[in-house]
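Take a look at the letters that make up each chain.
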Amino acid sequence: MTEFSSEEKTILVQYVIKKFENEEIVLEKLKNILPEKDIQRNIDTLIGTQRVRRIGPENLQNNESHTELPELPEHLKSIIEDL
């Protein structure tokens, strides 16, 4: 697994949530990129800081009315596109 900074991990999780929304799918898509513990921690942090919200029992959604998505760094774009 590639080493990512904590900010990069958070950005990856946010963009995968934007792409898939279902928490199971988000975990499935990211499991080969990040440890599950990091994925879950980032989801919890994003919810706690109101950058992501739960909509229903399994769905997540970026809270774009509250905060904008951060800029996606070039080196992360290919990862998101390949998912």
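Every chain is numbered independently, its residues counted from 1 as its sequence is written. In keeping with the predicted nature of the model, local features appear solely for residues at pLDDT of at least 70, side-chain atom pairs appear and are counted solely at 80 or more, and the whole-chain, interface and lining totals rest on all residues. The side-chain quantities take in all heavy atoms of the structure and omit both hydrogens and water.

### Section: the overall build of the protein chain
- Helices and strands together make up the secondary structure of the protein chain, namely 4 helices and 2 strands.
- Each helix is a run of DSSP H or I of at least 4 residues and each strand a run of E of at least 2, with the numbering of both proceeding from the N terminus. Its helices and strands taken in sequence order, the protein chain reads α-α-α-β-β-α from the N to the C terminus.
- For this measure, only C-alpha atoms enter the radius of gyration; the expected value for a globule follows 2.2 Å times N^0.38, where N is the number of residues. Radius of gyration (C-alpha) of the protein chain: 12 Å, near the 12 Å computed for a compact globule of 83 residues.
- Here the C-alpha coordinates of the protein chain stretch approximately 30 × 25 × 20 Å along the principal axes.
- Three exposure classes are used, based on accessible area relative to the maximum for each residue type with a 1.4 Å probe and protein chains only: buried under 20%, partly exposed in between, and exposed over 50%. Expressed as a percentage of the 83 residues in the protein chain, the buried residues total 39%.
- By definition in these notes, contact holds between two residues if any of their heavy atoms fall within 4.5 Å. For the protein chain, the proportion of contacts with a sequence separation of at least 24, taken over those separated by at least 6, is 61%.
- Here the open area of atoms and residues is found with the Shrake-Rupley method and a 1.4 Å probe, where only the protein chains shown may cover a residue. Carbon and sulfur atoms make up 45% of the accessible area of the protein chain, which totals about 5,100 Å².
- Mean positive and mean negative side-chain charge positions of the protein chain (11 and 17 charges, respectively) differ by 2 Å. This count recognises Lys and Arg as positive and Asp and Glu as negative, with His and chain-terminal groups excluded. Note on charges: their place is set at NZ of Lys, CZ of Arg, CG of Asp or CD of Glu.

### Remarks on the packing of helix 2 (residues 23-30) against helix 3 (residues 36-48)
- Whenever a helix is involved, its axis is fitted only over the stretch in contact; in every case the axis is a line through C-alpha atoms, and angles between N-to-C directions fall within 0 to 180 degrees. The interhelical angle for the contact between helix 2 and helix 3, taken along N-to-C directions, is 140°, at an axis separation of 10 Å. When the axis of helix 2 is compared with that of helix 3, the two are oblique. Helix-helix and strand crossings are classified by hand; for helix 2 and helix 3 the assignment is right-handed. Contact with helix 2, carried on its side by Glu-23, Val-26, Leu-27 and Leu-30, involves Glu-36, Ile-39, Gln-40 and Ile-43 of helix 3 and no other residues of that element. Note on angle classes: values under 35 degrees are labelled roughly parallel, values over 145 roughly antiparallel, values of 65 to 115 roughly perpendicular, and the remainder oblique. Here is the rule for handedness: rotate from the far helix to the near one, and if that takes an anticlockwise turn smaller than a right angle the crossing is left-handed, while a clockwise turn gives right-handed.

### Points about the packing of helix 1 (residues 6-20) against helix 3
- At their nearest, the axes of helix 1 and helix 3 sit 10 Å apart, and the two run at 80° to each other. The orientation of helix 1 with respect to helix 3, classified from their angle, is roughly perpendicular. The residues of helix 3 that touch helix 1, namely those facing Ser-6, Lys-9, Thr-10, Val-13, Gln-14 and Ile-17, are Asp-38, Asn-42, Ile-43 and Leu-46.
- Residue polarity follows a fixed list, in which Ala, Val, Leu, Ile, Met, Phe, Trp, Tyr, Cys and Pro are nonpolar, Asp, Glu, Lys and Arg are charged, and the others, Gly among them, are polar. In terms of residue class, the contact of helix 1 with helix 3 is built from 4 nonpolar, 4 polar and 2 charged.

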